[in-house]
2 protein chains.
Amino acid sequence: MSLNKLSAVEIATQVAAGTITCEQVARDCIARMQQREPVLRAWSYVDPDLILRQAKALDARTVRGPMHGVPVGVKDIIDTVDMPTEMGSPIYAGYRPQSDASCVALLRAAGALIFGKTVTCEFAGATPGITTNPHDPARTPGGSSSGSGAAVADFMVPLAFGTQTGGSVQRPSSYCGIVGYKPSYGLINPQGVRPAAESLDTVGLMARTVEDVELSARVLTAGAPVAWLPGEARVRVGLCRTFAWDKAEAATRDAIEDAARRLSTAGFAVKNIELPASCSDLPLTRETINDYERARAMSFEWQTHRAQLSEGLARTIGKGLTIPQARYIDALNLVERCRRDVAPLFERVDVLLTPTVNGEAPLGLSHTGDHGFQSIWTQLRLPAITLPTHAGPNGMPVGLQLIGPLYEDRALLAAAQLIFRALGRGPVIHAA
Amino acid sequence: MSLNKLSAVEIATQVAAGTITCEQVARDCIARMQQREPVLRAWSYVDPDLILRQAKALDARTVRGPMHGVPVGVKDIIDTVDMPTEMGSPIYAGYRPQSDASCVALLRAAGALIFGKTVTCEFAGATPGITTNPHDPARTPGGSSSGSGAAVADFMVPLAFGTQTGGSVQRPSSYCGIVGYKPSYGLINPQGVRPAAESLDTVGLMARTVEDVELSARVLTAGAPVAWLPGEARVRVGLCRTFAWDKAEAATRDAIEDAARRLSTAGFAVKNIELPASCSDLPLTRETINDYERARAMSFEWQTHRAQLSEGLARTIGKGLTIPQARYIDALNLVERCRRDVAPLFERVDVLLTPTVNGEAPLGLSHTGDHGFQSIWTQLRLPAITLPTHAGPNGMPVGLQLIGPLYEDRALLAAAQLIFRALGRGPVIHAA
């Protein structure tokens, strides 16, 4: 097997055992990237020489980290000291930050190899980059962490950073057929990540296995290793259709119901859970909070580079600047109330099971899809994980989403691993 | 009167009326700065030519903003596109950011003149810069917003940005004898401000009047103008000694008791309010949260520039890296519980009255003072304002602190203005 197919845990284990070298891994990932990048366009910056220099330096090191030799993609709104950080915007063409973001520095310190920068929507918003879906180049990979989703799904790297303000980790993970993890708000330190809407922005991880998410999250947060659950553990699953259920395509609704049925058969305790009524306003609060904060986070670009902003982003900023403080505060207070209303649901279940996104990746590259099913949980600040368990009518991946209680990320990962084992990976079109 | 003595509101009003020019204001502020800077050392970067170019450009503009011509100092962890941002650290000597921080861009767009960068403690932490207290150069101005406090108190600028993670706006405001405003967490957008401990960091404003704080906060947040209260408004004041009361110097305790007495005599409804028992752990949670987050926010510098960090900061980072995720999460959960426990106090009172800091600015420049009385409120995320109403045994300023309910910043400012009028400015040593 080519080493680019290995998981992060496998790479770390085999490098530690001395059975493979960081350079061998890097060379296979580079080969895969060079083969497929003309179609995928997942990378805004990738330099094989720089990758190989890093790999050789890692092989030469006597002190070894827990992620030694693991290649990692970094969404291009996250600062890197040795590569440009262009934010998906011509305003930052060629921009070289002074330092690595916290999450990059922490993984580097653990021995990870920073492979390159992945294509992002403009400032992690809605205006897409040029990346295509690895399962069908006529379709969007989702966004805004578009390149991260495509590169991981296509076996260029086992792991990549994304960020989520609405659904920017979960949606591309579902569309590309990988595991997407959006932690509890704030759990992965956001220093050095370009803010979009500060009170929602969350650094997330995209991988092909739950174990890879666990390893990197543990390194980033000094977490104790997750105790994986035995097959007979009776995890309580709440099927939560949410008020957006009718917007899901029939095949997606079927996939979620199918998952609930099969989990029940497999011995999981499955019950229906409804979101509190207060949560039905979350689409409105999301728009208010996102636009108000984003308009301010983009003040400099708005004042000095307005002509270089996309029409869509300029419209959002213009709108955000007209929102009065009082309306913003009303939205913050309402979301806080929703957080309090939702917390008790987790006395009855361990995880919620809910759609990740309406359906398969849509055709075309002009729109990265709808955040309705993802931004609920981003606003609630709850940890979320997407698993690639199903396929849609066109054979494209359809994920399901699991949600845990605030800060119970490790328990969510344990439950997710068990559920993923029970349901298996979805039968999707295979990348070339 | 020299124009550098004017408030921001007065400058904006008179510039708008055409009775003074931005250049005249700038020249008087520059003159004051040049006269006093050799003793105060408040600025890490200030360039009279750049100031005058800005002033002339503002005078030439036909479109006028609500803060046209108001000189503003900017703490040197806040990005500015036309000046270095050195973070109080040799690691960032000469560093020029690519853009203005959100708060800088928003004030510039309102016509403010960015006067220069003010001295900060190293990365807004505890290791002091070289600034002296404007009332006694043998004493600290407080920190970490040291230069902002000194420059405003000394009439170099009417307004400056500070940031607060523990007590970095409130403490220097008390020590320097000015008005310090730490908004509700998140209300002033932090994009472009170097994070210290993300879940606590708050951008604040330092000025000589409550009205100046109100004007700039309104511009930054699209707030409606505050409706100032008539003299007969019966504001309910809760005298809150906190569990740190015994650490306050006798003169500070006397000052707070005196304020409560005089407010009562003046017709305010004053009662005693005790903090809930849960809050007694806030000093511990503060240390855990600060150290855990700061260690991660400083990952890059820790990995690559460790020798250029001060001993104190290196010790904090080293300590923070050993804190397990579980202990960090316990601290977050405890603070969240405190927030919920404290909220109902504001059914009984409109504002809490409490010490800002133990006492006068201590002698010496090696330590910027204790954050005990400030970090309670930073953690609770409540809006806080310090007023320079008293003096200590050495004639140095002693402030009092008013706290309002979350997001009720405008009501807090209105109450603070009324209370400041009732108590008057403290009789402090005058700057030269």
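Residues numbered from 1 in each chain as written. Chains lettered and ligands numbered in written order. Predicted model: local features only at pLDDT ≥ 70, side-chain atom pairs only at ≥ 80, totals over all residues.

Enquirer: Explain the overall build of chain A to me, using residue names and the numbers behind them.
Expert: Each helix and strand counted, chain A has 14 helices and eleven strands in total. Computed over the C-alpha atoms, the radius of gyration of chain A is 20 Å, within 12% of the 22 Å expected from 2.2 N^0.38 for a compact globule of 432 residues. Dimensions of chain A along its principal axes, counting C-alpha atoms only, are 60 × 55 × 40 Å. Counting all 432 residues of chain A, 63% fall into the buried class. Once local pairs closer than 6 in sequence are excluded, the contacts in chain A between residues at least 24 apart make up 79%. (Helix = DSSP H or I, 4+ residues; strand = E, 2+ residues; numbered from the N terminus. Rg over C-alpha atoms; globule rule 2.2 N^0.38 Å. Buried ≥ 20, exposed ≤ 12 C-beta atoms within 10 Å, placed from the backbone. Contact = placed C-beta atoms within 7 Å.)

Enquirer: An account of the interface of chain A and chain B is requested, with residue identities and associated values reported.
Expert: Taken together, the contact between chain A and chain B spans 34 residues of the former and 34 residues of the latter. Of all the secondary-structure elements, those providing two or more residues to the side of chain A that touches chain B are α4 (102-109), α9 (282-297), α10 (299-304) and α12 (325-342) of chain A.

Enquirer: Now, about the domain arrangement of chain A: what can you tell me, with residues and values included?
Expert: Residue and element names in this part refer to chain A. Along its sequence, chain A is carved into domain 1 (3-221), domain 2 (236-274 + 345-423) and domain 3 (280-336). Between the C-alpha centres of domain 1 and domain 2 the distance comes to 23 Å. Taken together, the contacts link 42 residues of domain 1 with 36 residues of domain 2. Examining the composition of the side of domain 1 that touches domain 2, we find that six residues originate from one element, helix α6 (residues 170-176), more than from any other. Of the residues in the side of domain 1 that touches domain 2, the class split is 17 nonpolar, 19 polar and six charged. (Domains from an automatic or database assignment. Nonpolar A, V, L, I, M, F, W, Y, C, P; charged D, E, K, R; others polar.)

Enquirer: Describe helix α1 (residues 8-17) of chain A, and please don't skip the residues or the numbers.
Expert: All names here are of chain A. Three or more residues of α1 are buried, namely A8, V9, I11, A12 and V15. Taken around the axis of α1, the buried residues stretch over an arc of 165°, which confines them to a single face. In this fold, the buried residues of α1 make contact with α2 (22-40), β4 (159-164), β6 (202-207) and α7 (210-221). Trailing α1 by a residue or two, G18 shows a phi angle of about 80°, which is positive. (Arc of directions from axis to C-beta.)

Enquirer: Describe the environment of B:T120, naming the residues involved and giving the relevant values.
Expert: All names here are of chain B. Following the sequence through the fold, T120 ends up in the loop between β3 (113-118) and α5 (146-153). Looking at T120, the number of C-beta atoms within 10 Å reads 32, which means it is buried. Once the C-alpha coordinates of T120 and R32 are considered, the two residues, 88 residues apart in sequence, prove to be 20 Å apart. Residues contacting T120, with those up to four places away along its chain left out, are K75, D76, I77, M87, G88, G129, S144, S145, S146 and G147.

Enquirer: Could you give an account of helix α13 (residues 372-380) of chain B, with specific residues and numbers?
Expert: Residues and elements named next belong to chain B. In terms of residue burial, α13 counts as a mostly covered element, since nine of its nine residues are buried. For α13, every residue scored as buried is listed here: G372, F373, Q374, S375, I376, W377, T378, Q379 and L380. R381 sits one or two residues past α13 and shows a positive phi near 70°.

Enquirer: If you had to explain the sheet that holds strand β10 (residues 384-391) of chain A to someone new, which residues and values would you point to?
Expert: Residue and element names in this part refer to chain A. Overall, mixed pairing links the eleven strands, which are arranged β1-β3-β2-β4-β6-β5-β10-β11-β9-β7-β8 in an open sheet. Here the strands that pair on one side only, and so sit at the sheet edges, are β1 (43-46) and β8 (269-272). Ignoring strand direction, the axes of neighbouring strands in this sheet form an average angle of 30°. Note: strand β7 (residues 236-239) against β8, four bridges, orientation parallel. From the neighbouring strand, G238 faces β8, where its bridge partner is K271. (Pairing = 2+ DSSP bridges. Axes fitted to C-alpha atoms, helices over the stretch in contact; angles between N-to-C directions.)

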